[in-house]
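Here is how the chains run, residue by residue.
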Amino acid sequence: MPQSSTYKARNANAEGYIHYPEADHQVWHTLITRQLATLPNRACDAYLDGLQQLALPEDRIPQLAEINRVLEQRSGWQVAAVPALISFDHFFALLAKRQFPVATFIRTTQDIDYIQEPDIFHEIFGHCPMLTHPGFAEFTHTYGCLGAKASPQDRAFLARLYWLTVEFGLVDSPQGISIYGGGILSSYTETRYCLTPQPLHRPFTVLDALRTPYRIDILQPLYYVIDRIETLYQLTQIDLMTKVEQAKRLGLFAPSFEAAKVNESAH
């Protein structure tokens, strides 16, 4: 994650309504219509079900209250407005309270294909549909609880797990491998790339994910594939911090990119 942002979140008025200029709505329209045309036969069923439940508008940026009405009913979660960038402490604390952080700005047309900091399209379109799935939502909550108590060193290992599941995870199914990671689902380029033969696809194990370096500014060279979405819920039933200790003893795998360019983030 970049240390600073050129973007500034928009604040809600006294009634909780956030005003966005028409140019922002146009960017949302471009992004969502492009992704909706790209996701069939690529996105997993759990994501598509959540997307249907959210019924996101195509002509405007949704208000957070609209998202909360669905998430509260489906999984007990909410979204919370945050600035463009937040600290690790703030990020983990929100997840521990079942609140998913949403930066209330949207990228410009100049950044339409890639933006390092997470904007409202990434958060709402990429992540919120999966938060309607109770098992996925519980995994995210557990991750937040663990991260809130973890040391900086342990948080770095947890960040790799988050990146390779919640952000860039794939899932197997009888129909083939599909996408559940929000970092992919909100990216036009990565959605089309990740299921091709070019990147590596490996069966997911929690220990391998904890040990795998990543970069935020490239198409991912490696994706881990879980056997089903419920696998993430099963991770909440084991001692993940013991796995972190094992990963620390074993050390990281060699990166599949220039090590000097590694830049890791929890979000």
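Reference entry: report on the structure contained in this document. (Residues numbered from 1 in each chain as written. Predicted model: local features only at pLDDT ≥ 70, side-chain atom pairs only at ≥ 80, totals over all residues. Heavy atoms only, no water.)

**A few points about the overall build of the chain**
Alright, step 1. Tallying secondary structure elements over the chain gives 12 helices and 6 strands in all.
Alright, step 2. In terms of its C-alpha atoms, the chain occupies a principal-axis envelope of roughly 50 × 40 × 40 Å.
Alright, step 3. Among the 267 residues that make up the chain, the fraction classed as buried is 53%.
Alright, step 4. Taking all contacts inside the chain whose residues are at least 6 apart in sequence as the whole, residues at least 24 apart take part in 68%.
Alright, step 5. A total of about 11,900 Å² of accessible surface is found on the chain, and carbon and sulfur atoms cover 51% of it.
Alright, step 6. Of the charged side chains in the chain, 22 are positive and 28 negative, and the gap between their average positions amounts to 5 Å. (Helix = DSSP H or I, 4+ residues; strand = E, 2+ residues; numbered from the N terminus. Buried < 20%, exposed > 50% of the residue type's maximum accessible area, 1.4 Å probe, protein only. Contact = heavy atoms within 4.5 Å. Areas by Shrake-Rupley, 256 points an atom, 1.4 Å probe, with all protein chains shown as cover. Lys, Arg positive; Asp, Glu negative; His and termini not counted. Charge placed at Lys NZ, Arg CZ, Asp CG, Glu CD.)

**Overview of the environment of Gly 126**
Alright, step 1. Structurally, Gly 126 can be placed in helix α5 (residues 120–127).
Alright, step 2. Sequence-wise, Gly 126 and Gly 182 are 56 residues apart; in three dimensions their C-alpha atoms are separated by 4.0 Å.
Alright, step 3. Once you skip the residues sitting within four places of it in the chain, Gly 126 turns out to touch Tyr 47, Phe 121, Gly 182, Leu 185 and Ser 186.

**Looking at helix α12 (residues 240–250)**
Alright, step 1. Listing the buried residues of α12 in full gives Leu 240, Val 244 and Ala 247. Down the axis, α12 shows its buried residues gathered within 60° of arc, on one side only.
Alright, step 2. On its buried face, α12 sits against α6 (134–149), α7 (152–167), α10 (206–210) and α11 (230–235).
Alright, step 3. The distance from a side-chain oxygen at the start of α12 to the backbone nitrogen of Met 241 is 3.3 Å, and the residue carrying that oxygen is Asp 239.
Alright, step 4. Once α12 finishes, Gly 251 follows within two positions and takes phi at roughly 85°, a positive value. (Arc of directions from axis to C-beta. Polar contact = N/O pair within 3.5 Å; in protein donor to acceptor, adjacent residues only side chain to side chain.)

**Here's the deal with the layout of surface pockets**
The rolling of a water-molecule-sized probe over the atoms marks out the regions of remaining empty space.
Alright, step 1. Reported here for the second largest pocket is a volume of approximately 260 Å³.
Alright, step 2. What lines the second largest pocket is a set of 16 residues, and nearest its centre among them are Cys 44, Asp 45, Ser 173, Gln 175 and Ser 178.
Alright, step 3. Across the lining of the second largest pocket, the residue classes break down as 7 nonpolar, 5 polar and 4 charged. (1 Å grid on protein atoms, 1.4 Å probe; cavity = no way out; pocket = protein on both sides within 12 Å on 5 of 7 lines; lining within 4 Å. Points joined across faces, edges and corners; volume = space filled by probe spheres on them. Nonpolar A, V, L, I, M, F, W, Y, C, P; charged D, E, K, R; others polar.)

**Quick word on the sheet that holds strand β5 (residues 200–203)**
Strands belonging to one sheet form pairs held by backbone hydrogen bonds; the direction of such a pair is parallel or antiparallel.
Alright, step 1. As summarised here, the arrangement of the 4 strands in space is β4-β3-β6-β5, forming an open sheet in which the pairing is mixed. Two strands lie at the open edges of the sheet, namely β4 (178–179) and β5, each paired on one side alone.
Alright, step 2. Two elements, strand β3 (residues 170–171) and β4, share 2 bridges in a ladder whose sense is antiparallel. Bridged to Val 171 within β4 is Ser 178. (Pairing = 2+ DSSP bridges.)

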